[in-house]
Amino acid sequence: RNPNLRNHLLGGLKKREIIMVVEENQNQIMDSIAGDSAMTATVSEDEAEEETTTSTTNTWKNTKESLILHLSKKLLHGDLDFRIEAAREIRKMLRKSPVKSSARSKLADAGVIPPLVPMLISSNIDARHASLLALLNLAVRNERNKIEIVKAGALPPLIQILKLHNASLRELATAAILTLSAAPANKATIITSGVPPLLVQMLSSGTVQGKVDAVTALHNLSACKEYSASILDAKAVSPLIHLLKECKKHSKFAEKATALVEMILSNSEDGRHAITSCESGILTLVETVEDGSPLSIEHAVGALLSLCRSNRDKYRKLILKEGAIPGLLSSTVEGTSKSRDRARVLLDLLRETPREKEMAPLILEKIVYGIAVQVDGAEKAASTAKKLLQDMVHRSMELSMKSIQHKAKPATTPSISSKSNS
């Protein structure tokens, strides 16, 4: 009821409301400031992380380049122990490097190849071993380094190592020759340096891996047409046949081995004589015709054809004795174009009285009948020839159906992921 007291209380309430509004506004402002601070902190953390990543990448790049220069200096100016250590570090660096790594090129640019080559002839076994591994890793997946290693004079030391009795070093030297022989520019130099005969020795006396690498290296060198006839001699026939006998006939290794055998038999009388002296020599080729990959079959049929062409009277009975007819008949239908042509010519030569000209597909029946007479005698020849021809027709129809079905399938578009991984 007291107006003064009432006014005083109302004034106090209004004043309190004003204070509460102010405090609420202050809290909102503080919350806003805190939010902005949190956002700013988050942005700062992202920027800091990006800067850290960039800094780390640059640091690693600089460290790697510094390491390359350091290794180069150790090889060029260090004593033997330092050079061995540097060679091992190079191998370690490259061993797990990505396929597209530039480390190999950068190491070569830093001059590490020339000082590694003399280490191959060091009296210190560790030095030879370390330098071999370093050079091998420098050459892998780098065409320029392959050429530079040969230019630096690596072949004579590698030849010395191939003549040693140390199986481990010989295996590494063979692997190095294999890698270097993959460069077309190196092939003629490797051949004329006298490497092929030593690789042939590896076929007989090397480790399993050494033999595999020797076959692949010789196959690489055989691509040099100028010297291909002089790469191999009769001494290679027996170990090649032995390796072919033991391996899977449809493997890539079998393709290389049969290619080398065909090359020898087509160029060397001694080689042709060697395969008849070799246990199961012709039989191994016949088995390859039956069970090999298309390319292995092509080379195996070519090898048998070279034998029969060189001396039909001598080799015809030997080939027939090993049961070559079924495989050859199958090749006339299922083989590559070259296999089909070669098989038809060889079947004609295996007849009792072959024509002078090569066989035409239209008279295959007469050829099959003539061979059947030689194999099963005149009484059974008709039924044998009929059975063989029916089998050929059946196989031909199967292949035709597969071809039609394949052509009828809609073309598929490779996915982006498959393209990126190719």
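Just so you know, these numbers come straight off a predicted model, no measurement behind them. (Residues numbered from 1 in each chain as written. Predicted model: local features only at pLDDT ≥ 70, side-chain atom pairs only at ≥ 80, totals over all residues. Heavy atoms only, no water.)

1. Re the overall build of the chain
The secondary structure content of the chain amounts to 22 helices and 0 strands. Out of the 422 residues belonging to the chain, those deemed buried represent 42%. Expressed as a percentage of contacts within the chain between residues at least 6 apart in sequence, the contacts between residues at least 24 apart total 66%. When the accessible surface of the chain is totalled, it reaches about 24,300 Å², and 55% of it is carbon and sulfur. (Helix = DSSP H or I, 4+ residues; strand = E, 2+ residues; numbered from the N terminus. Buried < 20%, exposed > 50% of the residue type's maximum accessible area, 1.4 Å probe, protein only. Contact = heavy atoms within 4.5 Å. Areas by Shrake-Rupley, 256 points an atom, 1.4 Å probe, with all protein chains shown as cover.)

2. Re the packing of helix H16 (residues 294-310) against helix H19 (residues 337-349)
The geometry of H16 relative to H19 is characterised by a closest axis approach of 9 Å and an angle of 30° between their N-to-C directions. Taken together, the axis directions place H16 and H19 in an arrangement best described as roughly parallel. Handedness of the H16/H19 crossing: left-handed. The segment H16 lies against H19, with Pro-294, Ile-297, Glu-298, His-299, Val-301, Gly-302, Leu-304, Leu-305, Cys-308 and Arg-309 engaging Lys-338, Ser-339, Arg-342, Ala-343, Val-345, Leu-346 and Leu-349. Residues belonging to the contact of H16 with H19 are distributed by class as follows: 10 nonpolar, 3 polar and 4 charged. (Axes fitted to C-alpha atoms, helices over the stretch in contact; angles between N-to-C directions. Parallel < 35°, antiparallel > 145°, perpendicular 65-115°, else oblique. Left-handed = near helix turned anticlockwise from the far one by under 90°. Nonpolar A, V, L, I, M, F, W, Y, C, P; charged D, E, K, R; others polar.)

3. A word on the packing of helix H10 (residues 195-205) against helix H11 (residues 208-221)
Their axes nearest at 8 Å, the elements H10 and H11 cross at an angle of 145°. Seen along the crossing, H10 lies across H11 with a hand that is left-handed. Residues Pro-196, Leu-199, Val-200, Met-202, Leu-203 and Ser-204 of H10 form the contact with H11, whose own contacting residues are Gly-210, Lys-211, Ala-214, Val-215, Ala-217, Leu-218 and Leu-221.

4. Some points on the pattern of salt bridges
Inspection of every chain in the model, using the stated rule, returns 9 salt bridges. The salt bridge involving Glu-65 is made with Lys-106; its shortest N-O contact spans 3.8 Å. A residue pair is termed long-range when its members are at least 10 positions apart, and Glu-65 in helix H1 (residues 3-77) and Lys-106 in helix H3 (residues 103-109) qualify at 41 residues. In this structure Glu-65 comes out as partly exposed when scored by relative accessible area, which is 33%. Linking Lys-74 and Glu-85 is a salt bridge whose minimum nitrogen-to-oxygen distance equals 3.3 Å. With a gap of 11 residues between them, Lys-74 in helix H1 and Glu-85 in helix H2 (residues 80-95) connect regions that are remote in the sequence. With a relative accessible area of 11%, Lys-74 lands in the buried category. (Salt bridge = Lys/Arg side-chain N within 4 Å of Asp/Glu carboxyl O.)

5. Let's talk about H10
Residue pairs spaced three or four apart in an α-helix point in one direction, given the helix's 3.6 residues per turn. For H10, the complete set of buried residues consists of Val-195, Pro-196, Leu-198, Leu-199, Val-200, Met-202 and Leu-203. Tucked inside the fold, the buried residues of H10 contact helix H7 (155-162), helix H8 (167-181), helix H9 (184-192), H11 and helix H12 (237-246).

6. As for unusual backbone geometry
In this structure, Arg-141 takes a positive phi of about 60° despite not being glycine. Topologically, Arg-141 is positioned in the loop between helix H5 (125-139) and helix H6 (143-151). You can call Arg-141 partly exposed: its relative accessible area is 46%. One non-glycine residue with positive phi stands out, namely Ser-280, at about 60°.

7. Describing the environment of Ser-266
Secondary-structure assignment places Ser-266 in helix H13 (residues 252-267). C-alpha of Ser-266 to C-alpha of Leu-307: the two residues are 41 residues apart in sequence and 7.7 Å apart in space. Within the local environment of Ser-266, its side chain forms a polar contact with the backbone oxygen of Met-263, the two atoms lying 3.0 Å apart. (Polar contact = N/O pair within 3.5 Å; in protein donor to acceptor, adjacent residues only side chain to side chain.)

8. Focus on the environment of His-250
In this structure, His-250 sits in the loop between H12 and H13. For His-250, a relative accessible area of 51% gives the class exposed. Distance in space between the C-alpha atoms of His-250 and Gly-292 is 4.2 Å, their sequence separation being 42 residues.

9. Focus: the side chain of Thr-332
In this fold, Thr-332 is placed in helix H18 (residues 325-334). One polar contact links the side chain of Thr-332 to the main-chain carbonyl oxygen of Leu-329, over a distance of 2.5 Å.

10. A few points about H7
A large share of H7 lies buried, amounting to 6 of its 8 residues. If you check which residues of H7 are buried, you get Leu-155, Pro-157, Leu-158, Ile-159, Ile-161 and Leu-162. Buried residues along H7 sit against H5, H6, H8, H9 and H10.

11. Let's talk about the confidence of the model for the chain
When pLDDT drops low, the exact placement of atoms in the prediction is not to be read closely. On average, residues of the chain score 81 in pLDDT, and 72% of them are at 70 or above. Residue range residues 356-362 is modelled with pLDDT below 50. Its contacts to residues more than four positions away, or to other chains, number 10 contacts. (pLDDT = per-residue confidence, 0-100.)

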